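# Working through the structure, step by step
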Amino acid sequence: MDIKAEISDKLDKPIALVGMMGCGKSHVGQILSNMLGCPVYDSDEIIEQLEGMAVSKIFETKGESYFRKIEAETILKLLESRTPSVIATGGGAVINPTVLNAIKEYAVSMWLMTDIDVILKRVEGDVRRPLLNVPDKAARLTELLRVRRPLYAQADIKLDSNTNDPDALKDRLGRALYEYLNLR
Ligand code: S3P
């Protein structure tokens, strides 16, 4: 059996990607989806479709707490499927304990760990992330990570996602899943 078949064979629940904005959840989600031949869902994209507007517009017109409510409902629904898929969650989803607990119970959770200076380069000029719409992005990211790190750290798999090289990332993902699923 090849790696893809071996991992797919053993994986019986979704993989939930958690981590800060700009850590590469959408990109890794796409790689995993291709690698494992399963669907990928992005909670921000689903929310934008449901609400008919961009995340930044939802924050602006309806407020962050409204966004968090829809975000929690969306992720809990995705976790209900209990079949292999990849779920890219928004960076702040884990601050809701119900969401964090459901991810821990119903998914293989993967924290994409990225240094703040790498995130800063990736989000440079990006106006789609309302929480980074501040003069000092580094200070905002540092504060968000201080609060979220212990939550992300509860993930089953911790993956260094500082690289922008898709092949290196694929290699790391394959190895991490192989190890987590006890495949040899
Ligand atoms: C947020 C991250 C964003 C999006 C929203 C809030 C956060 O998703 O959900 O802007 O609180 O970190 P990404 O992590 O996909 O950028």
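As the structure is a prediction and not an experimental result, all values here were calculated from the model.

With that out of the way, let us pick up the overall build of the protein chain. When helices and strands are counted, the protein chain shows nine helices and five strands. Reading the protein chain from its N terminus to its C terminus gives the helix and strand order α-β-α-β-α-α-α-β-α-β-α-α-β-α. For 184 residues, the compact-globule estimate of 2.2 N^0.38 gives 16 Å, and the protein chain sits close to it at 16 Å. Each of the three principal axes of the protein chain carries a C-alpha extent, and together these read 50 × 35 × 25 Å. Among the 184 residues that make up the protein chain, the fraction classed as buried is 46%. Counting only contacts in the protein chain whose residues sit at least 6 apart along the sequence, the fraction spanning at least 24 positions is 73%. When the 25 positive and 27 negative side-chain charges of the protein chain are each reduced to one mean point, those points stand 3 Å apart.

The subject of this paragraph is helix α3 (residues 43-51). Inspection of α3 places Ser43, Ile47 and Glu51 among the buried residues, and these make up the whole buried set. Along α3, the residues classed as buried sweep out an arc of 60° about the axis, all on the same side. Against the buried residues of α3 lie β2 (40-42), α4 (55-62), α5 (64-80) and β3 (86-88). Once α3 ends, the next one or two residues include Gly52, with phi positive near 65°.

The next subject is the layout of surface pockets. Put simply, the largest pocket is a space of about 670 Å³. For the lining of the largest pocket, the per-class residue count stands at eight nonpolar, eight polar and eleven charged.

Turning our eyes to something else, we now look at the pairing of strand β4 (residues 108-113). Along β4, five of the six residues are buried, which leaves the element largely enclosed by surrounding structure. Across four bridges, strand β1 (residues 15-18) lies against β4 in parallel orientation. Paired with Ala16 across the bridge in β4 is Ser109. Relative to strand β5 (residues 157-160), β4 runs parallel, the two sharing four bridges. Its bridge partner being in β5, Met110 is matched across the sheet by Ile157.

Turning next to the sheet that holds β3. Whenever strands of a sheet pair, they do so through backbone hydrogen bonds, lying parallel or antiparallel. Pairing in this open sheet of five strands is parallel, and the strands run β2-β3-β1-β4-β5 from one edge to the other. Both outer strands of the open sheet, β2 and β5, are each paired with one neighbouring strand and no more. Neighbour-to-neighbour, the strand axes of this sheet turn through a mean angle of 25°, independent of strand direction.

The next thing to look at is empty space enclosed by the protein. Scanning the entire structure with this criterion turns up one cavity of 30 Å³ or more. Computed from the structure, the largest cavity encloses a volume of approximately 40 Å³. As for the largest cavity, its lining consists of Val18, Val94, Leu100, Ile103, Lys104, Ser109, Leu151, Tyr152, Gln154 and Ala155. It is helix α6 (residues 97-106) that contributes the most residues to the lining of the largest cavity, three residues altogether.

For the ligand, the set of nearby residues contains 14 residues, the closest of which are Lys25, Asp44, Arg68, Arg129 and Arg148. Within the contact set of the ligand, an oxygen atom lies 2.6 Å away from a side-chain nitrogen or oxygen of Lys25. Asp44 is positioned such that a nitrogen or oxygen atom in its side chain is 2.7 Å from an oxygen atom of the ligand. With respect to the detected pockets, the ligand is housed in the largest pocket. In terms of residues, the shell around the ligand owes the most to one element, α5, which gives three residues. Counted by class, the shell around the ligand contains five nonpolar, three polar and six charged residues.

Parameters at a glance
Residues numbered from 1 in each chain as written. Predicted model: local features only at pLDDT ≥ 70, side-chain atom pairs only at ≥ 80, totals over all residues. Heavy atoms only, no water. Helix = DSSP H or I, 4+ residues; strand = E, 2+ residues; numbered from the N terminus. Rg over C-alpha atoms; globule rule 2.2 N^0.38 Å. Buried < 20%, exposed > 50% of the residue type's maximum accessible area, 1.4 Å probe, protein only. Contact = heavy atoms within 4.5 Å. Lys, Arg positive; Asp, Glu negative; His and termini not counted. Charge placed at Lys NZ, Arg CZ, Asp CG, Glu CD. Arc of directions from axis to C-beta. 1 Å grid on protein atoms, 1.4 Å probe; cavity = no way out; pocket = protein on both sides within 12 Å on 5 of 7 lines; lining within 4 Å. Points joined across faces, edges and corners; volume = space filled by probe spheres on them. Nonpolar A, V, L, I, M, F, W, Y, C, P; charged D, E, K, R; others polar. Pairing = 2+ DSSP bridges. Axes fitted to C-alpha atoms, helices over the stretch in contact; angles between N-to-C directions. Near = heavy atom within 4 Å. Polar contact = N/O pair within 3.5 Å; in protein donor to acceptor, adjacent residues only side chain to side chain. Sits in = over half its atoms within 2 Å of the grid points.

It is worth stressing that arrangement in space is one thing and function is another; only the former is reported here.
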